[in-house]
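Structural overview for review
Below are the chains, spelled out letter by letter.
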Amino acid sequence: MQLKNESESFASSTDLETRWEELFVPEGYSLSEGGVFKDKYSPAGKVGQEVICYTPVIVSGIGKDIDNGEIWYEITFRDAFGDVRTEKAQMEDLIKRSKVCKFANKGLNLVDRKAADICEYFNKFIDESAKKLPRKIYVQTNGWKNGRENFVLGNMCYTGSEITEVIQINQEETRGLVKKGSLEQWVRGVEDVICEPITRFKCYCAVTSVLLRPLDVQSFFVDHTGETSTGKTFGVRVAVSMYGDPDELTLSADSTNTYMENVASIFTDLPLFADETSIQTDENLKTLIYIIANEVGKGRGKKEGGIQSLNRWKTMVFTTGEKPIVDYDGFGGQQVRVIEIQKDMPYMQEQIMQADDTIKDNHGHVMDLFMKKVFEHREDLQAKFREYRDKFTNSNSNTANRVGSTFAAIALAGELLEEVLEEIGLETRDHLALTMEFFNETVKEKPVEPRELKALRFLNDWIEENRSNFVRDEDTGRRPFKICGYQQEGCIDIIPGVAKGVLKNNSFDQSAIRKKWVEQGVMITDKGRQDYNATHCGENGETFRNRYWRIHLAKMQEMLEKGTE
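Everything numeric in this text was worked out from a predicted model, so none of it was measured. (Residues numbered from 1 in each chain as written. Predicted model: local features only at pLDDT ≥ 70, side-chain atom pairs only at ≥ 80, totals over all residues. Heavy atoms only, no water.)

**Quick look at the pairing of strand 3 (residues 45–53)**
The criterion, for reference: Each pair of strands is called paired provided DSSP finds at least two bridges between the two strands. Only DSSP runs of H or I reaching four residues or more are called helices, and only runs of E reaching two or more are called strands; each is numbered from the N terminus.
The pairing of strand 2 (residues 35–42) with strand 3 spans seven bridges and is classified as antiparallel. Paired with Phe-37 across the bridge in strand 3 is Val-51. In this structure, the hairpin formed by strand 2 and strand 3 is closed by a connection of two residues.

**A few points about helix 15 (residues 431–444)**
Put simply, the rule is: Between the first and last residue of a helix there are one fewer steps than residues, each counted as 1.5 Å, and that sum is the expected span. Per-residue accessibility, obtained with a 1.4 Å probe over protein chains only, is compared with the maximum for each type, and a residue is labelled buried under 20%, exposed over 50%, and partly exposed between these values. This arc is taken over the directions from the axis of the helix to the C-beta atoms. Counted as a polar contact is a pair of N or O atoms within 3.5 Å, where, for protein atoms, one must be capable of donating a hydrogen and the other of accepting one, and residues adjacent in sequence contribute only when both atoms are in side chains.
Taking 1.5 Å per residue, 14 residues should reach 20 Å; helix 15 reaches 18 Å between its end C-alpha atoms and fits that length. Among all positions in helix 15, only His-431, Leu-434, Thr-435, Phe-438, Phe-439, Thr-442 and Val-443 are buried. Viewed along the axis of helix 15, the buried residues span an arc of 135 degrees, placing them on a single side of the element. Of the residues flanking the start of helix 15, the one acting as N-cap is Asp-430, its side-chain oxygen 3.2 Å from the backbone nitrogen of Leu-432.

**Some points on the sheet that holds strand 2**
The line we're drawing: For helices, the fitted axis covers only the stretch in contact; all axes are lines through C-alpha atoms, and the angles between them, taken along N-to-C directions, range from 0 to 180 degrees. Any two residues whose heavy atoms approach within 4.5 Å at even a single point are treated as in contact.
With respect to topology, three strands assemble into an open sheet ordered 1-2-3, the strand pairing being antiparallel. In the strand order of this sheet, the two ends are held by strand 1 (29–32) and strand 3, each with one partner. Averaged over all adjacent pairs, the angle separating strand axes in this sheet is 35 degrees, with direction ignored. Sheet strands touched by helix 4 (residues 115–129): strand 1, strand 2 and strand 3. Its angle to strand 1, the strand with the most contacts, is close to 100 degrees.

**Here's the deal with the packing of helix 6 (residues 197–208) against helix 8 (residues 232–240)**
Defined as follows: By the definition adopted for this analysis, an angle is roughly parallel if under 35 degrees, roughly antiparallel if over 145, roughly perpendicular if from 65 to 115, and oblique otherwise. Crossings are assigned a handedness: left-handed for a near helix turned anticlockwise from the far helix by less than a right angle, right-handed for a clockwise turn. Charged residues are taken to be Asp, Glu, Lys and Arg, nonpolar residues to be Ala, Val, Leu, Ile, Met, Phe, Trp, Tyr, Cys and Pro, and polar residues to be all remaining types, Gly included.
Contact pair helix 6 / helix 8: the axes reach a minimum separation of 8 Å and the direction vectors enclose 45 degrees. Between helix 6 and helix 8, the crossing angle belongs to the class labelled oblique. Both helix 6 and helix 8 take part in a crossing whose hand is right-handed. Of the residues in helix 8, those in contact with Thr-199, Lys-202, Cys-203 and Ala-206 of helix 6 are Lys-232, Gly-235, Val-236, Val-238 and Ala-239. Looking at the contact of helix 6 with helix 8, its residues break down into five nonpolar, two polar and two charged.

**With respect to the packing of helix 13 (residues 381–392) against helix 15**
The N-to-C vectors of helix 13 and helix 15 enclose an angle of 40 degrees; their axes lie 11 Å apart at closest approach. Regarding the angle of helix 13 to helix 15, the classification is oblique. Here helix 13 runs over helix 15; the crossing is right-handed. Residues Tyr-388, Lys-391 and Phe-392 of helix 13 touch helix 15, and the partners they reach there are His-431, Leu-432, Thr-435, Met-436 and Phe-439. Residue composition of the contact of helix 13 with helix 15, grouped by class: five nonpolar, two polar and one charged.

**Quick look at the side chain of Glu-418**
Structurally, the position occupied by Glu-418 is in helix 14 (residues 398–423). By relative accessible area, which is 6% here, Glu-418 ends up buried. Reaching out from Glu-418, the side chain makes a polar contact with the side chain of Arg-200 at a distance of 2.9 Å. Other than its neighbours up to four places away in sequence, Glu-418 contacts Arg-200, Tyr-204, Thr-428, Arg-429 and His-431.

**Focus on the pattern of salt bridges**
Basically, it comes down to this: Just to be clear on terms, a salt bridge is a Lys or Arg side-chain nitrogen sitting within 4 Å of an Asp or Glu carboxyl oxygen.
For the coordinates displayed, the defined rule picks out 35 salt bridges. A salt bridge links Lys-38 to Asp-117, with the shortest nitrogen-to-oxygen separation between them at 3.6 Å. Residue Lys-38 is located in strand 2, and its partner Asp-117 is located in helix 4; the two are separated by 79 residues in the primary sequence. For Asp-67, the salt bridge goes to Lys-145, with nearest N and O atoms at 2.6 Å. On the criterion of sequence distance, the pair formed by Asp-67 in the loop between strand 4 (57–65) and strand 5 (71–78) and Lys-145 in strand 8 (residues 143–145) is long-range, its members being 78 residues apart. Owing to a relative accessible area of 5%, Lys-145 belongs among the buried residues under this scheme. Beyond isolated ion pairs, a larger network of salt bridges with shared partners links Lys-38, Asp-117, Glu-120 and Lys-124.

Take a look at the structure:
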């Protein structure tokens, strides 16, 4: 190894003013602004040098991925624009010809016929200098690490005493988790809007994601629905700006299953934001709900054999749209994990525009202070959580009590956030009173309807809207072009294909719902079946026998009047 000023050679490798000739390289190689050169020998000895890469490049760092233990390296080089760049790579990226050539698109000027030479160069570089290389910390995901001793957010790692820098392997996906501008500008920009209850509550929910794992609370949704221009998206943007760039951190709900699963895994313990769910397809939104609620991804095999590790996460998700997400198929019992908000922000257009303009250029600063509070109170979190849980789970309603644990976590997060907001000069609010206000509005005063009751309410409305398409056997003469079923005393028979289509087209799982209706006596069936064989009359008086969904009208009205609990 040729060491020129060994004590500084590694530290200076990423300096924009680097003189490449002064950096160390393996024996038999040299560096200059012209690239990497390899010594050439003849039987008589050294006869010169040949260029193996037209870009000066060194291995400048080594690190371990704390999520899975894999080793990563940094390479540093000067690209065609004269800029010094640093790229991450694994060993196989540096010692395989097919892999190393991918750095050509990053600005490394090399040719395929010399790829084997540059691989050999990297291999010798690592062999001779690995112990001297600067140590880096790599991560695959955000969130809690090392038995909850560390918390990673973007390229920062928080502990009880310090903030250190880490390298995100998934840099593209996490580019929104950045700091920009100043905390002081953020405070001035949001001070007029963050005191509004709806915005403040969303800020509480956003930082609650950090506490879900330590408190063992399930992931949840905050779904704000209503007409356009009611401040649904704006309040979330303010909350998300505490973490980073709200534009970059806004997701499209119209994404593939695999993409949403990967995002949830990478952003574990952080909030997600899927905007304007109303414009998405039922199928995509149903997928989003399933993925997040399950907190674990699909099992997959590896190409080389074996199985991949399962993706897991904890998160809270903001969704906005004109239609509540619990109306979509597949959520059923998971409705207790959705906080439905339908209130509007007051009209304050000038303040909203000022705040939105400010957070675009000033974001990502609040979480440094919030994480400091989390570590300061780490030993007290469980005790504080139990106190709040007692306040939110003292209802006679099982549903309210199940949702109460979520609100207890939100109240605790609100307590810590209020301490931060006070320290940075913002007006404080009574976090418990505010959280209780939303609990009363969204849970106590609006109980969660079981899925089968929601579907029954929809079916009842549909029947009333289509009464003219249900005929009686005694009716003679011309009948409607489209017949949905038949009416008779005390019940109504719906043609199965029509009933299934109506429920499916409106995102209800007809199979599971029909089973519940049979158990409740709303649907009359033949023994051992989930439909009913009935005889009806045609237009000319002839009789025929078919199977139908027979709905007991009195029982249906009884269930609708009884409600949820």
